[in-house]
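Each chain is listed here by its residues.
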Amino acid sequence: MLLLRASGTPSRRRSLRPELQGVRAVAAGVVLAFHAGVPGLDGGFLGVDVFLVLSGYVVTNVLLAERRRLGSIDLLSFVVARFRRLAPTAVVVALSTFAVALLMTSPLVHPRLAAEAAAAVLGYENVLLALRGVDYLQDDTASAFQQFWSLGLEVQFYAVWPVALILALRSGGRRGAIWAAGFGIVASIVSVPLARAVAEPFAFFMLPSRAWEFLLGALLAVAVSVAFTPAVTAVVRAAGLLAVAGGVALAGPETEQPGPLTLLPVLGTAALVLPGTSARSDLVRRMLSTRPVVVLGDASYSIYLWHWPLLALPVLVRGAPTPWPFRVLLVAAAVAVGLVSAAVLERRARRLLERCRPRTTMVLAVAAAAALVVPSVAAVSARTTSDVRVPGPDATSAALGPSAPDVVPANVTPGLTDVLRDLPFPYPAHCVAELLDPPPDPCVTDAGRTRRVALLGDSHAMQWADVVRRAAEDARVGLTVHGRAACPFADIRVVNPQLGREYRECDAWRRATFASIRAERPEVVVVGEATSLYRGRQVDDAPFERVWRDGIRRSLAALPAGTRVVFLQDTPSWSFDPNECLARHLEAADQCARPIGELLDAGVRREVRGLGPPVTVIDPLSALCDRVCSPVLWNVLVYRDRSHLTATAARELGGPLRHRLSAIFRP
């Protein structure tokens, strides 16, 4: 057994305080109301911050109580106790969500569900969400396990703070523990703007920028050893509750988190948990200590874990938001399920685990994680095509226009489960910069050729890279490819929603790319961008069309004089994932087709058509749609996600574009 001992003078033991369970109930209540979409509670997400402070306070008190009782802190016993407390409900919720999601969702999301379920059970859901938040090629569908991100923070805090506390107590006693908590708070607060400067998801989800909230609770547990008078306690608690309520009322979708407004619920919670003597005039304590509130607080962990899958699974199945009154009913159901879960899983399962030896408990933990393997294997065998084979496109059939089958062909290419890996050559060659990457070296083909052309733009330009390369080979010219995710060719400053800030890396890449093109002096530059997707993301307050026109002029002026520019009109963008639709309609693929007007931004396309010399505009739309757009043509799966073509579709359907470009590339 790992036993780290910390000596020192014991502090006064604190008594059981039912109002702390009331604080949990308040935190859970505002989070559930926020997720239910209750009007006026847009800041309910701050309830998580209440949980974090309270968790830091309670767990530190648990550690200090053990030290007072035994003269030391048994780290292994602490870990086992936390597992017994948290694991039964977490594992059952994760496995239940996983199993139900496998049955209710398309096979396309099953690999993602398996990864999310594993992250939830193993305590790193927050890390997974942070990394996905800055991966441009990742699906942006909400996770059915998203609520586990805060549990991941707790698990990671429990892995670090007990060791730090033991070492601090050993070296400096209570004063050393105070210094350790204080230093951690300062370091964590300093890390917040540093993380946000990299990417907003890192600041939101990761422990370094959230640790100060845990540590403030820990500091209160270590530093405050006296109880305030009844009058002071009543005033402080009332102020604390008002601060929490004020934060929830003032916060909204644009609130930085963590940020200045986070201080209200954090400091408010600190005021609520301060020890003090009770009095009849302490209305806040009396309210938080009432039996119904305490019961809800006791079950808040279970309620919190169960509420999100009940809200998220209908969205995953329907592919559309659930009306808020129905979400309120689902939240009410989550409360009922959570109360039962707390009684059965939290209390009874914990008592059962307490009879087990630590080694047996660890074996059960491994078994719980391994239980994910069975449904994961079952998910792999799910059916993803019909039994009907459909011929592929050829020159004759393609000349007649797009042909959409009524089914998902048995010989569809790429397969529905392989579609996200069907990328054009610049991606495996690592010459497309992702959101946070420094400017990479461009892809260069036929480096020895003196006559050269270039492909430049975001991922919507890169989707045509294989076609442009074939056209360059036909014309016997070399090709240089410059690509950056979510970065327009037009010289406009944009805010990236995944980073949650201005996309400075895009501006730097564009400047470096223009300098490289001026040095190389290609005869033709092919450009493309998801123009319509940048609408509303421009930093400039002027109308988007004007900002875009000015940006195009600046970009064209930055190219070498005499360069011929080919602008590729953008391809359709879907409001839903067309491949998930196909997975649900294997025998009726026409259910997933949409009128062409629903998928295009007519205003942006008009602006692109209006570009004059030296720009030649090529529109590949006729190869993809007639009056409607189908996500499968012949035996070809057309879209990788909501807005990108598969590399296979670009190659198989891009024949007209290839011939047009090769003619332009020839002298």
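Quick caveat, the model's predicted, so the values are computed rather than measured.

Enquirer: Summarise the state of the cysteines; cite the residues concerned and give the values.
Expert: With the rule as written, the count across this model stands at four disulfides. Put simply, Cys 581 and Cys 592 are joined by a disulfide, and their sulfur atoms are 2.1 Å apart. On the sign convention where negative means left-handed, the S-S torsion of about -95° between Cys 581 and Cys 592 marks this disulfide as left-handed. Taken together, the positions of Cys 581 in helix H22 (residues 578-584) and Cys 592 in the loop between H22 and strand E9 (594-595) put the pair eleven residues apart, joining distant regions of the chain. Cys 592 matches Cys 581 in its accessibility class, with the two residues each being buried. Between the sulfur atoms of Cys 625 and its disulfide mate Cys 629 the distance is 2.0 Å.

Enquirer: Give me the pairing of strand E7 (residues 524-528): which residues, what numbers.
Expert: The element E7 is extensively covered by neighbouring structure, given that five of its five residues are classed as buried. Here E7 shows two buried faces, one formed by Val 524, Val 526 and Gly 528 and the other by Val 525 and Val 527. Here strand E3 (residues 452-457) runs beside E7; their pairing, made up of five bridges, is parallel. Of the residues in E7, the one forming a bridge with Ala 454 is Val 525. When E7 meets strand E8 (residues 564-568), the two strands line up parallel, connected through five bridges. For Val 524, the partnering residue across the bridge sits in E8 and is Arg 564. Taken together, E7, helix H21 (residues 544-558) and E8 constitute a β-α-β crossover, and its handedness is right-handed.

Enquirer: So what about unusual backbone geometry? Which residues, and what values?
Expert: With an omega dihedral of -10°, the bond running from Thr 413 to Pro 414 counts as a cis peptide bond. Along the chain, Pro 414 turns up in the loop between helix H17 (395-399) and strand E1 (432-433). Residue Pro 613 is joined to Pro 614 through a cis peptide bond whose omega torsion reads 10°. Relative to the helices and strands, Pro 614 is located in the loop between helix H23 (602-609) and strand E10 (615-618).

Enquirer: So what's going on with the nonpolar core? Which residues, and what values?
Expert: Among the nonpolar cores identified, the biggest contains 120 residues, and Phe 145, Phe 148 and Phe 567 are the most heavily contacted of them. With 15 residues, the single largest contributor to this core is helix H6 (residues 148-198). Residues contacting Phe 145, with those up to four places away along its chain left out, are Ala 94, Thr 97, Phe 98, Leu 113, Glu 116, Ala 117, Ala 120, Glu 125 and Trp 308. Core analysis: the next-biggest nonpolar cluster, separate from the first, contains 57 residues, Met 462, Trp 464, Leu 586 and Leu 657 among them.

Enquirer: Account for helix H10 (residues 263-273), with residues named and values stated.
Expert: Because the α-helix completes a turn every 3.6 residues, residues three or four places apart line up on one side. For H10, a buried count of eight out of eleven residues is recorded, marking the element as mostly surrounded by other parts of the structure. For H10, every residue scored as buried is listed here: Pro 265, Val 266, Gly 268, Thr 269, Ala 270, Ala 271, Leu 272 and Val 273. Contacts from the buried residues of H10 go to helix H1 (18-36), helix H2 (47-70), helix H8 (211-223), helix H9 (230-250) and helix H11 (283-288).

Enquirer: For the packing of helix H5 (residues 125-133) against H6, give the residues involved together with the corresponding values.
Expert: Following both chains from N to C, one finds H5 and H6 inclined at 120°, their axes separated by 6 Å at the closest point. Judged by the angle between their axes, H5 and H6 are oblique. In this structure, H5 uses Glu 125, Asn 126, Val 127 and Leu 129 to contact H6, whose residues at the interface are Phe 148, Trp 149, Gly 152, Leu 153 and Gln 156. Tallied by class, the residues present in the contact of H5 with H6 amount to five nonpolar, three polar and one charged.

Enquirer: Any chance you could break down the pattern of salt bridges for me, citing the residues and the numbers?
Expert: As enumerated under the stated definition, the model contains 26 salt bridges in all. Two residues, Glu 213 and Arg 210, come together in a salt bridge whose shortest N-O distance is 3.2 Å. With a relative accessible area of 1%, Arg 210 lands in the buried category. Salt-bridge contacts for Arg 237 lead to Asp 282; the nearest nitrogen and oxygen are separated by 2.6 Å. With Arg 237 in helix H9 and Asp 282 in the loop between H10 and H11, this pair connects stretches of sequence that are 45 residues apart. Taken individually, Arg 237 and Asp 282 each receive the classification buried, so the pair is uniform in this respect. One network of salt bridges, in which partners are shared, links Arg 17, Glu 19, Arg 237, Asp 282 and Arg 285.

Parameters and conventions
Residues numbered from 1 in each chain as written. Predicted model: local features only at pLDDT ≥ 70, side-chain atom pairs only at ≥ 80, totals over all residues. Heavy atoms only, no water. Disulfide = S-S within 2.5 Å. Helix = DSSP H or I, 4+ residues; strand = E, 2+ residues; numbered from the N terminus. Buried < 20%, exposed > 50% of the residue type's maximum accessible area, 1.4 Å probe, protein only. Pairing = 2+ DSSP bridges. Right-handed = clockwise from strand over helix to strand, strands pointing away. Core = buried A, V, L, I, M, F, W, Y, C linked by side-chain atoms within 4.5 Å. Contact = heavy atoms within 4.5 Å. Axes fitted to C-alpha atoms, helices over the stretch in contact; angles between N-to-C directions. Parallel < 35°, antiparallel > 145°, perpendicular 65-115°, else oblique. Nonpolar A, V, L, I, M, F, W, Y, C, P; charged D, E, K, R; others polar. Salt bridge = Lys/Arg side-chain N within 4 Å of Asp/Glu carboxyl O.

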